Each structure stands twice: as structure tokens, then as C-alpha cells.
Amino acid sequence: MAETDYDVVVVGAGAGGGTMSRVLAEKGIKVALIEAGPMIEPQRDYKTHKWPYDYGHRTAGEGGAAYFGRGAAFGFFTTASGGWQLEGEPYTSAPGTRFDWFRSRVVGGRTNHYGRMSFRFSEMDLKPYSRDGIGWDWPISYEDLAPWYDRAEAYIGVTGTAEGIPSAPDGKFHEPPPPKVHEHLMREAGKRLGIPFIANRRAVITRPLNGRLPCHYCGQCGRGCLTASNYSASQVDVFPAMETGNVDVITEGMVRKVEVDSGGRASGVVFIDKRARTERRVRGRVVVLAASACETARLMLNSRSRQFPDGIANGSGLVGRYLMDTVGFSLRGTLPALENLPRYDTDGFGGAHLYAPWWLWDDHDQLDFPRGYHIEMGGGFRMPGPGSFSDLAREAGYGKGIKQAVREQYGAGIGLSGRGEMIPNNQSYMDLDPDVVDKWGIPVPRFHFSFSDWEWKQARHMERTFRDLIEAAGGKVLGIGNLAREREGIAVPGSIIHEVGTVRMGDSPRNSVLNRYCQAHEVPNLFVADGASFVSNPDKNPTLTINALSWRTAEYLAEEMRRGNV
Amino acid sequence: MSSTHGFIPLEAVSRRAALRRIALGLTAAGLGGSLSKSDAAQVHAEVDGERAAAGEYEAKRFNEHEFRTLGILSELVVPPDEGGPSAREAGAPEFVDLLCSQNDELADIFTGGMLWLDGVTGERHGKVFADLEKNLQTEVLDALVEAERLEMGADTRWDTSEYRRFSVFGVKAPSEMRRGVRFFDWARRLIVDAYYTSPVGIEDLGFVGNSSHSEYEVPKDAIDYAMARSPFSEV
């Protein structure tokens, strides 16, 4: 038997790879965790509690980059550590199509800044084909997944209230904070329209948990939390995993290939040490890919060998297929009821305190699209930044009128966003660009993408609903919430950053790549622990399900290792 | 790997000296309370002190005349009133100068715009903008705003996430003022941003966030205020 450097090699230190590494390490399994970016140091990297005037550029970035659309992704304060384009690491889209790909190369990945919405998939989400004959069912049921949601929520900490809504299963919740003023108005508007607004479910703790302090309501989750009162894979998974002594984190390591032995089993990975610009290897009994859906599929397609000429474990030809993002659309408006509102601290726990889960789950026969969406909400007295009052100032012209208008209108705005289920289709996939390599010499993804009528019709339903909600509260619609990304009437594919699919699971090796434990059908010691395994993309933001699936896979893997099966 | 990567554990709250910003909120009592008025005043005093210590600002990009013109524009666009001082006092000229010193594209908008402004007032009144009486200065700004409104029409849409105008359906303003509209919009945008991102602007807004609380509460008077003014007042 070949000597191995590690028991398990995990590629990618985000939600999936972080959970996997921590669960394995706690069992005494030796893990090499390879991350393409640097280590994150919260006390150095997080801009928690800073003010705009702490910086000469007032958060517009050097030279006012934000004014020219070249600012940091999601604003100067956000710990996004990445963006839509990375220097020297392009991706391409097939002619006539567009897919935007957000990458955060850093320990913790996108969980350092994400919205932390944490919704369980329901049985209807996991068995959509059985309900409406469209798409595919998952090979697992809610009953299979529920115990892992329980564990993930108990460990991560998620707020919420038990509601008994079939489309939005309840979990093990921390107490949520109360609704803000504009949320009271939206909840009343929702009552008139039959739309239930309930306590938001976010990965934020409101009581102490495993030595983590409860939320102190500064509303700055996106900056990273110095008290780790929210979930990030870096602070909540990777750092504790490192403390076991069983995990070596290899940073700045860009994996280009999974290697196989003569028997067709994974033997380790080849990666570029970015600092030294040299190739290195790390070997393991098991390889787990958690590099994010598109990066995992890219790596598998690039892992060609005599045994796997089309990429590792890709006998089905499905690696890269059925790429999905979330359907997004938003409207913003203004509510006169909120003009000159008495000031109070609206920061809260870093996102809306209420949201509306999909409420028409039993009425699809009356709709012109299948599957649902949930409603997210924004508003309140937000910390001012570049552009906060540009529209009001333009309307007022100049002079004292600007100040008066701003005082009156500050906090009167409302934003509603829909996050809906996209149905996998044959036109939406990624392969490798035959002509382009990145600066590490690795072939890059080429995206192909198309929404069907179902997604467009769902987006129009969102638009009508949001208009109705704003008007029911006596407000006025101002326009599309994110004009840069939604001017076509639907968010640019990829831009919601819920890309999943590409290496889906299933019971048959002919129409899936992974089995029900996210283990490759063709390579028993190769696993996937990120959103690549998703069979469908319900309206629920994917991270919590990535955590739960990864945990489930880790336990299965550990047991299989113990039995000597892998 | 070093062992310093962790979050701040519960038992280590007393080590908050390392967390100056958080320390403003996490008071000695633990997690209670919010950023108090005196704490806020302390922050403001520090900022003012730093500015005073730095002495007279030396412009990085603009000459003395340009910097003076920026100051006057800042005073006119966001003037002092009972809620707060002017944008000039909030550091708008320094903000514009800093960004322009780092960005030639932006600097050209401002230098060209201010030369254009002086050209217009020179032809009309024989003086540069900065030397005009205030009523003549506002006359120019009124004309610019009028031209802007004609130019943009009712259906102008702005890409507010990227701060770029992407479509205009208005009519062309008949005056020479239309050539100054783009500059004026940039100037106003940066001046307004400088004001509202400054300590005095934030105080003017009444923004009370960026704080910390052991419990999150929404004041009943704020809820009642909005409900009474909403269509749900009968509820």
C-alpha cells in the first residue's frame, strides 16, 4: 500500500471544506486543507466598527474607485476578499450568454462576508419532480437531511421562530431580534396581501455558544465579526479545526489536478504554490473537493488521465452540467409613513429581521411558473456612504434644500428582493475554454447560460408582488433595486452568488456523478462537499445546506474509513 | 500556523484594549449600553484635534485658486443651517482634492469644470466664479440646475450602484450651461458625500448606529409614529 501524507486532502476552506475539515479533525483524522488564497486574520482584516471618516477617501476607495464602478465588491467595509474578476484568472462565457462568477480566495471563502440567510430545504424542495414533473428529485429526503440540519444549526447558531410552514421547515433556533419600524409596515402590508412575514433565519447567535459572544447588534456582519457572533467558516470551522492539531492548512495553493493511481483511485492533488510559482503535490487516502461549485467542476474536468480521459469521475459526461443560480429581482421604493421618523438604531443583527418564505406553495396550479421564491427586505437608517444621498441631492438641486430633503427622507426608503428557484436546464452549464488558461497555466471555465420562461415569469411575479407591497403600505415605487445587475428585468446569471449544480448527486451513475453521500460513483475515495452536488436550487440560500450535507458526508466518510472501505 | 487566528472568546472580553472601536461600545459593565453621547463627542474631538494638529491643509492636486473655488462650491451646495455646518467645514474640499490627487480622470472633470465655470462668469461678469458676489454665484448654480433638469428630463435613470448615468431621455438644454452639467453633478455628489460621511454630517442625520447593545430594541414611539401615518393606522 502506498504511503500517504494525509488521511484526507480537502480542497477549499469555505463552508463545505471548513465543515468537513473540522468534523474529520475532531475524530482524529489527519487533514490537509488546501486554500487558493491567504489566511484570514480577523483582527487585522476586519473593519468592524470603523467609520467612513476613518479614511481620507470616506470609503469611496483610492481615487474614488467606487464612483467609477471599480470599488471593492459590496463596498469598502465588506470583507469580500475577491470579486467578479480576479487579476490574471479569467473565465469566459459562450457568445450570447453571460454568467458572472464571484470568487473569494481566502480562508473562509465567501462565508466571511455572506448574507447568512439560513433556510432549510423542505421535502418539496428535495422532491420537486415528484410534485410537478419538472427537473429531478434528489436521492435523499428531508428525513435524511433533517438530523444534519439539526447538528449544523446547533453548532453554527441560527435565529428564527417555529412557524409550521411546510415550505420553510423549522429548526433549532436562537431567539430573533424584534422587527424594525419599516418591517412592521411591510408585515402589515403582507397581511393585506396574504404574504406572511416571519422572523428571519440568519446564522447569527443571540446567546453565547461554544465560547462565542452573542450578537451585539452593530449590523456589520458583512465586514466580518470580531466576536464571531455570526457564522463564518474561517472562525467557526477552520480555526477550531486547526486547534485540534489534526489539520494542516496550506494557503495560496491553487489545485490544478486530482491524481489517480493505476487502479483509478484518487491518490492526492497537484497544486501550484502561488508564492513560489512552483508545482507541489500532497497525497491522501481520500480527496474531498469543496472549492465552490464551478471551481470543483473545473478541477474535475481538468483532472484527465488514462482512466478518465474526460475528467475524473466523469463517465456520465455530467460534470459541469445543470449549473444553476438563484432567480433575483428587486424593487426599491419610499414610504411616506417613514418620513422624519424618530431616529433609532436600525443596525440590528446585520440583515432584515423579517422575511417572507414562499407562501403560494400550494397554489402553483394558479401560477404561470413552477417553484417559489422568498422575499428579503432592506431599509432603515443606514450608515451613510458614497452615493447614499446622490439622488435626493440631485432632485433638490443645491443648497439648504438638500439638507432638508435628506433629513426628511433619511430612513424612508425600502427595498424588496426576491430570491427564487431556478430549474436546471440543458442550456446552462460550464465546460473548459479550449483556448484560455489562467496565470497558473490552468484551463479556465467557459459558461453557457440561459433562463427559461419559468424564471422570467417568476421574476415578473416578484415585480408585481413588490409593487403591491410597497403601495399597500402607502409607498411609491422608485425603480429597480439593483439597476447595474437587474436592468434586463432579472438578475444577471451568477450575480446572486448561489451557483450550484455541476456535479450532481443521484442514485444512477448514468444521470449523476455522485451518490447519495456525495461520493463519486466511479471513484470511491473522491467526495464533493460544496454546492456542486445540488440536484436542484430551491429558493433557499445554499450555505446552510452545504454545511449540513458536508457534515453528513464527513460522518459517512469517517465511518467508511474506519471500516476500511475507503 | 500561528494560534492567534481565533475570534474573541467569551472569557477574554477584558482584553478589549486591542479592540479600540469595539471598546467604545463594550463598556466596563460588559455588553450593556450603546455608544454614549460623551463617547461620540470624544471621537469627534479626536478627529477635530487631528485636523487642527495637521495645521493648514496643503492641497495635493489643486492650486490655491482651484481649492478656494472648491471651498465656495462646498459652501453653496451644502450650506450651514441649524442642523449642521457647511460641507466645507466637513472637509469636502480636502476630500475632493485627495481623490483627484489619486485619479487623473476625476481630476480632469474638476479642473476642466472649474475652468469652464470661470470662463462662463468671466464672459458674463468679467470675474472668476470665486470673486463674484454670492447672489451672482447662486445665479450660475440656478442656471446649472435648470439646465440639468432639462437635460435629464423626467425619465433619467441613474445606476446608483455604480454611480453612472446610463440613459438620458431628456431634451438638450438651450444654454451654454449644459456643458457644465456633468461637472456640477460630480461636484455636488462628492460634496454631499463628504458632508454626510463626516462626524458633523452623521450627527446631522441623527445616525445612532455602529454601536453595540446587549439587547436589540425598537422604540415604541418610532413604531407608533410610522403606524399612525400609514394606511394601517386603524389596526
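Residues numbered from 1 in each chain as written. Chains lettered and ligands numbered in written order. Predicted model: local features only at pLDDT ≥ 70, side-chain atom pairs only at ≥ 80, totals over all residues.

Novice: How should the overall build of chain A be read in this particular structure?
Specialist: On a plain count of helices and strands, chain A comes out with 13 helices and 22 strands. Whereas a compact globule of 566 residues would reach a radius of gyration of roughly 24 Å, chain A reaches 23 Å, a difference of no more than 12%. The principal-axis extent of the C-alpha atoms belonging to chain A is close to 80 × 55 × 50 Å. In chain A, once contacts between residues fewer than 6 apart in sequence are set aside, the share between residues at least 24 apart is 73%. (Helix = DSSP H or I, 4+ residues; strand = E, 2+ residues; numbered from the N terminus. Rg over C-alpha atoms; globule rule 2.2 N^0.38 Å. Contact = placed C-beta atoms within 7 Å.)

Novice: When you look at the overall build of chain B in this model, what are you seeing that I'm missing?
Specialist: Along its length, chain B carries 9 helices and 2 strands. Starting at the N terminus, the α and β elements of chain B follow one another as α-α-α-α-α-α-β-β-α-α-α. Here chain B, with 235 residues, has 35% of them falling under the buried criterion. Partitioning the intrachain contacts of chain B with sequence separation of at least 6 by distance along the chain shows that 58% fall at a separation of at least 24. (Buried ≥ 20, exposed ≤ 12 C-beta atoms within 10 Å, placed from the backbone.)

Novice: Which parts of the structure should I look at to understand the interface of chain A and chain B?
Specialist: Note: interface size is frequently given as the accessible area lost on complex formation between the parts. Taken together, the 80 residues of chain A in the interface contact 72 residues of chain B. Going through the elements one at a time, helix H2 (42–45), helix H6 (181–193), helix H7 (233–243), helix H9 (390–396), helix H10 (400–409) and helix H12 (483–486) of chain A are the ones with two or more residues in the side of chain A that touches chain B. The class makeup of the residues in the side of chain A that touches chain B is 40 nonpolar, 25 polar and 15 charged. (Nonpolar A, V, L, I, M, F, W, Y, C, P; charged D, E, K, R; others polar.)

Novice: Just to check I follow, could you spell out the sheet that holds strand E19 (residues 443–448) of chain A for this structure?
Specialist: For sheets, the rule is that strands pair by backbone hydrogen bonds, running either parallel or antiparallel. Residues and elements named next belong to chain A. Here 3 strands make up an open sheet; going across it, the order is E4-E19-E18 and the pairing mixed. Of all the strands in the sheet, just strand E4 (92–93) and strand E18 (429–437) have a single pairing partner and so form its edges. As paired elements, E4 and E19 share 2 bridges and run parallel to each other. Directly across from Thr-92, in E19, lies its bridge partner Arg-446. Strands in contact with helix H8 (residues 293–302) are E18 and E19; relative to E18, the strand with the most contacts, it is inclined by about 60 degrees. (Pairing = 2+ DSSP bridges. Axes fitted to C-alpha atoms, helices over the stretch in contact; angles between N-to-C directions.)

Novice: What exactly am I supposed to notice about the pairing of strand E2 (residues 31–34) of chain A here?
Specialist: Two faces belong to every sheet, and in a regular strand the side chains alternate between them. Residues and elements named next belong to chain A. Along E2, one buried face is formed by Val-31 and Leu-33 and the opposite face, lined by Ala-32 and Ile-34, is buried too. The sheet contact formed by strand E1 (residues 6–11) and E2 spans 4 bridges and is parallel. Counted as the bridge partner of Val-10 is Leu-33 from E2. Sheet topology note: the E2/strand E9 (residues 247–250) ladder contains 4 bridges and is parallel. Counted as the bridge partner of Val-31 is Val-247 from E9.

Novice: Which parts of the structure should I look at to understand the nonpolar core?
Specialist: Soluble, globular proteins show a tendency: their nonpolar side chains are buried together. By size, the foremost hydrophobic cluster in this structure holds 162 residues, and its most contacted members are A:Val9, A:Val11, A:Val31 and A:Val288. Take this core: its biggest share by element is 8 residues, from helix H13 (residues 543–562) of chain A. A:Val288 has contacts with A:Val8, A:Val10, A:Val11, A:Met20, A:Phe527 and A:Ala529, leaving out every residue within four places of it along the chain. Ranked by size, the runner-up nonpolar core spans 48 residues in total, among them A:Ala393, A:Ile402, B:Ala87 and B:Val192. (Core = buried A, V, L, I, M, F, W, Y, C linked by C-beta atoms within 7 Å.)

Novice: So what exactly am I meant to see when it comes to H10(A) here?
Specialist: Spacing of three or four residues puts side chains on the same side of an α-helix, whose turn is 3.6 residues. Of all the positions in H10(A), only A:Ile402, A:Lys403 and A:Val406 are classed as buried. Looking straight down H10(A), one finds that the buried residues subtend no more than 95 degrees of arc, so they occupy a single side. Buried residues in H10(A) make contact with H9 of chain A together with helix H7 (178–196) of chain B. (Arc of directions from axis to C-beta.)

Novice: Is there a simple way to explain the sheet that holds strand E17 (residues 413–420) of chain A in this structure?
Specialist: Residue and element names in this part refer to chain A. Strand order in the open sheet formed by 4 strands is E16-E17-E14-E20, with antiparallel pairing between adjacent strands. In the strand order of this sheet, the two ends are held by strand E16 (373–379) and strand E20 (476–480), each with one partner. Pairwise comparison of adjacent strand axes, ignoring direction, gives a mean angle of 25 degrees for this sheet. One ladder, built from 7 bridges, connects E16 with E17; its direction is antiparallel. Paired with Met-377 across the two strands is Leu-416, which belongs to E17. In the packing of helix H11 (residues 453–472) onto the sheet, the strands contacted are strand E14 (327–334), E16, E17 and E20, and the crossing angle to E14 comes to about 20 degrees.

Novice: Sorry, what's going on with the environment of B:Ala143 here?
Specialist: Residues and elements named next belong to chain B. Looking at where Ala-143 falls in the secondary structure, it is placed in helix H6 (residues 134–152). Distance in space between the C-alpha atoms of Ala-143 and Val-181 is 9.8 Å, their sequence separation being 38 residues. Not counting chain neighbours up to four residues away, the residues in contact with Ala-143 comprise Ser-175 and Met-177.

Novice: Quick question: what am I supposed to make of unusual backbone geometry here?
Specialist: All names here are of chain A. In the Ramachandran plot, His-49 falls in the positive-phi region, its phi being about 65 degrees despite a non-glycine side chain. Along the chain, His-49 turns up in the loop between H2 and strand E3 (82–83). You will see that Thr-59, though not glycine, has its phi angle at about 80 degrees, which is positive. Checked against the element boundaries, Thr-59 lands in the loop between H2 and E3.

Novice: Is there a simple way to think about the packing of H6(B) against H7(B) in this case?
Specialist: Geometry of a packed helix pair, given as the angle between the helix axes and the separation of the axes. Residue and element names in this part refer to chain B. Between H6 and H7, the least distance of the axes is 9 Å, while the angle of their chain directions is 95 degrees. By the criterion of interaxial angle, the relationship of H6 to H7 is roughly perpendicular. In this structure, H6 uses Leu-144, Ala-147, Glu-148 and Glu-151 to contact H7, whose residues at the interface are Arg-178, Gly-180, Val-181, Phe-184 and Asp-185. Split by residue class, the contact of H6 with H7 holds 4 nonpolar, 1 polar and 4 charged. (Parallel < 35°, antiparallel > 145°, perpendicular 65-115°, else oblique.)

Novice: Explanation requested: H11(A) in the structure shown.
Specialist: All names here are of chain A. End to end, H11 covers 28 Å across 20 residues, agreeing with the expected 28 Å (1.5 Å per residue, within 8%). The complete set of buried residues in H11 reads Trp-454, Glu-455, Gln-458, Ala-459, Met-462, Glu-463, Thr-465, Phe-466, Leu-469, Ile-470 and Ala-472. Next to the buried residues of H11 lie H6, E14, E16, E17 and E20. Trailing H11 by a residue or two, Gly-474 shows a phi angle of about 80 degrees, which is positive. (Expected span 1.5 Å × (residues − 1).)

Novice: Before we go on, may I ask you to explain the environment of B:Ile72 in this structure?
Specialist: Residue and element names in this part refer to chain B. In this fold, Ile-72 is placed in helix H3 (residues 64–77). Judged by the 17 C-beta atoms lying within 10 Å of it, Ile-72 falls in the partly exposed class. Taking the C-alpha atoms as reference points, Ile-72 and Asp-224, 152 residues apart in sequence, are found 42 Å from one another. Other than its neighbours up to four places away in sequence, Ile-72 contacts Ala-130 and Gln-137.

Novice: Is there a simple way to think about the packing of H6(A) against H11(A) in this case?
Specialist: Residues and elements named next belong to chain A. Close contact between H6 and H11 brings their axes to 8 Å; oriented N to C, the two are set at 115 degrees. The two elements H6 and H11 cross, and the hand of that crossing is right-handed. Along the contact surface, H6 presents Met-186, Ala-189, Gly-190, Arg-192 and Leu-193, while H11 presents Asp-468, Leu-469 and Ala-472. Class assignment for the residues of the contact of H6 with H11 results in 5 nonpolar, 1 polar and 2 charged. (Left-handed = near helix turned anticlockwise from the far one by under 90°.)

Novice: Quick question: what am I supposed to make of the environment of B:Glu148 here?
Specialist: Residues and elements named next belong to chain B. Secondary-structure assignment places Glu-148 in helix H6. For Glu-148, a count of 22 C-beta atoms within 10 Å corresponds to the buried category. A C-alpha to C-alpha distance of 5.7 Å links Glu-148 and Val-181, two positions 33 residues apart in sequence. Residues within four places of Glu-148 in sequence aside, it is in contact with Val-181, Phe-184 and Asp-185.

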